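Chain by chain, the residues:
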Amino acid sequence: TAKQRNDGAVVYDAAIDKSSEQSLSLLTELRNAVERNEFRLFVQPKIMLGSGKAVGAEALVRWVHPERGNVFPDQFIPFAEQTGFIRVLTRWVMEQSAVLCRQLAAQDIKLKISVNLSTRDLMDQDLPVKFAELLARHELEPSAFCLEITESAIMDDPVRAQNTLERLHGMGMELSIDDFGTGYSSLAYLKRLPVDELKIDKSFVLNMENDIGDSKIVRSTIDLGHNMGLRVVAEGIESEAVWRLLARMGCDQGQGYFMSRPMPAEQLAGWLEKWQP
Ligand code: C2E
Ligand code: CA
Ligand code: CA
Ligand code: CA
């Protein structure tokens, strides 16, 4: 039921792998993976599109499985969300991101680290307290972090999600709406939630140079975000042409393979030293 993807990642066929026995063993494997140190923190730089300056990095988790090799998040995050294991993983990502933040600070590098949250995280009433404890332990300002939330994560239980988000934002952590434009009723959230950043999904960006429809959506989203007083970030920048186009449209920041693929966290400082736009 597993096949090799062209980038070397192993892909599992969800339709075949859904038997409860296999699910149980995947959950066991995920739990063991924490103890066995099989998760790795990868990061992708966030760049100011006007100046080329690196101002942040998004934390993206990888699972290095002893037999399966690199397992990409799409292969286990949805399952981790279903089973609630995601809470353990989010904590792990936050811890590792805090360690990275301290290491960078020791080298006089100041970058905002973005961490992805899931529905289950937002349903956890204790999350703000847990994060406050973690930040204090690492002696980090809450503003060193930005939390990325998808519209669908908010949709599940909007009242509870809003409560958690208001507390996190009240502490001083920044909030970003991830995959913007791919969910439902995004506009209502923009009005109600204490959001700082809006992230345009890569599906609109990848081909915006050739697709007039995509390009119009991107342009409108940038204007919408700015009219709401938000920072606008584009993901999926794979060419210099798309960077230029986005910069001309006034998009504030971007991420993408053109600047850098996600890399192991320990390589970030070296990458920053060499990076020149
Ligand atoms: P996302 O949050 O939308 O992250 C962006 C994805 O786009 C990442 O895939 C990144 O590697 C990829 N990407 C970045 N630049 C480019 C580009 O120029 N071209 C293309 N084609 N792709 C690009 P990745 O790392 O495989 O992560 C997939 C999704 O898994 C993420 O989507 C996020 O929803 C989830 N995820 C990853 N790490 C975590 C985590 O620690 N916690 C949670 N809750 N979710 C995570
Ligand atoms: Ca994200
Ligand atoms: Ca996305
Ligand atoms: Ca996503």
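Cut-offs used in this document
- All residue numbers refer to positions counted from 1 along the written sequence of the respective chain.
- Chain letters and ligand numbers both follow the written order, the letters beginning at A and the numbers at 1.
- It should be noted that, the model being predicted, local features are given only for residues of pLDDT at least 70 and side-chain atom pairs only at 80 or more, the latter also being counted only at that level, while totals for whole chains, interfaces and linings use all residues.
- Only hydrogens and water are set aside; all other atoms, that is, all heavy atoms of the structure, feed into the side-chain values.
- Here the coordinating atoms are restricted to nitrogen, oxygen and sulfur within 2.8 Å of the metal centre, or 3.2 Å for Na, K and Ca, and because water is not among them the sites may look incomplete.
- The secondary structure listing takes helices from DSSP runs of H or I that are at least 4 residues long and strands from runs of E that are at least 2 residues long, numbered from the N terminus.
- Burial status follows relative accessibility: with a 1.4 Å probe on protein chains alone, a residue under 20% of its type maximum counts as buried, one over 50% as exposed, and anything between as partly exposed.
- The rule for a residue being near a molecule or strand is that one of its heavy atoms must lie within 4 Å of it.
- Any pair of nitrogen or oxygen atoms within 3.5 Å is treated as a polar contact; in protein, a donor-acceptor pairing is required on top of that, and neighbouring residues in sequence qualify only through side-chain atoms on both sides.
- Throughout, the Shrake-Rupley method with a 1.4 Å probe supplies accessible areas, and for residues the shown protein chains are the sole cover considered.
- Gly is put with the polar residues, along with every residue not named as nonpolar or charged; the nonpolar set is Ala, Val, Leu, Ile, Met, Phe, Trp, Tyr, Cys and Pro, and the charged set is Asp, Glu, Lys and Arg.
- Side-chain atoms within 4.5 Å link the members of a nonpolar core, which is a set of buried Ala, Val, Leu, Ile, Met, Phe, Trp, Tyr and Cys residues.
- We call two residues in contact when some of their heavy atoms are within 4.5 Å.
- What counts as a salt bridge is simple: a side-chain nitrogen of Lys or Arg found within 4 Å of a carboxyl oxygen of Asp or Glu.

Q: So what's going on with the coordination of the calcium ion (ligand 2)? Which residues, and what values?
A: Around the calcium ion (ligand 2), the protein supplies E58 (OE), N116 (OD1), E148 (OE) and D178 (OD) as donor atoms, at distances of 2.2 to 2.4 Å. Sequence spacing among the residues donating to the calcium ion (ligand 2) works out to E-x57-N-x31-E-x29-D. Between the calcium ion (ligand 2) and the calcium ion (ligand 3), a separation of 5.7 Å is found. Of this pair, E58 sits in strand β4 (residues 54-65) while D178 sits in strand β8 (residues 174-180); the two residues are 120 residues apart in sequence, bridging distant segments of the chain. Side by side, E58 and D178 carry an identical accessibility label, which is buried.

Q: How would you explain the site of ligand 1 if you had to name every residue and give the values?
A: Surveying the vicinity of ligand 1 reveals 24 residues, the closest of which are Q44, R62, K202, E238 and Y257. Interatomic distance of 3.1 Å between a side-chain N/O atom of S118 and a nitrogen atom of ligand 1. Within the backbone of Y257, one N or O atom sits 2.8 Å away from an oxygen atom of ligand 1. Its free accessible area being 800 Å², ligand 1 has 88% of it covered by the protein chains. Counting residues per element, the ones that place at least two in the shell around ligand 1 are β4, α3 (86-106) and β8. A per-element tally of the shell around ligand 1 places β4 first, with four residues. Tallied by class, residues from the shell around ligand 1 come to eleven nonpolar, five polar and eight charged.

Q: Describe the nonpolar core, and please don't skip the residues or the numbers.
A: Counting residues in each nonpolar core, the largest one holds 81 residues, and the members touching the most others are F39, F145 and L246. When residues in this core are grouped by element, the largest group, nine residues, is from α3. Each residue touching F39, except ones within four places of it in the same chain, is listed here: L30, A33, V34, V61, R62, W63, F76, F85, L89 and W92.

Q: Could you give me a rundown of the pattern of salt bridges, with the residues and numbers involved?
A: The full count for this structure, using the stated rule, is 13 salt bridges. Between D124 and K130 there is a salt bridge, and its shortest N-O distance comes to 2.7 Å. Where R244 meets E240, a salt bridge forms, and the shortest distance between an N and an O atom there is 2.9 Å. Of this pair, R244 and E240 both sit in helix α11 (residues 240-248), four residues apart, which is roughly one turn of the helix. Take E240: its relative accessible area is 41%, and that puts it in the partly exposed class.

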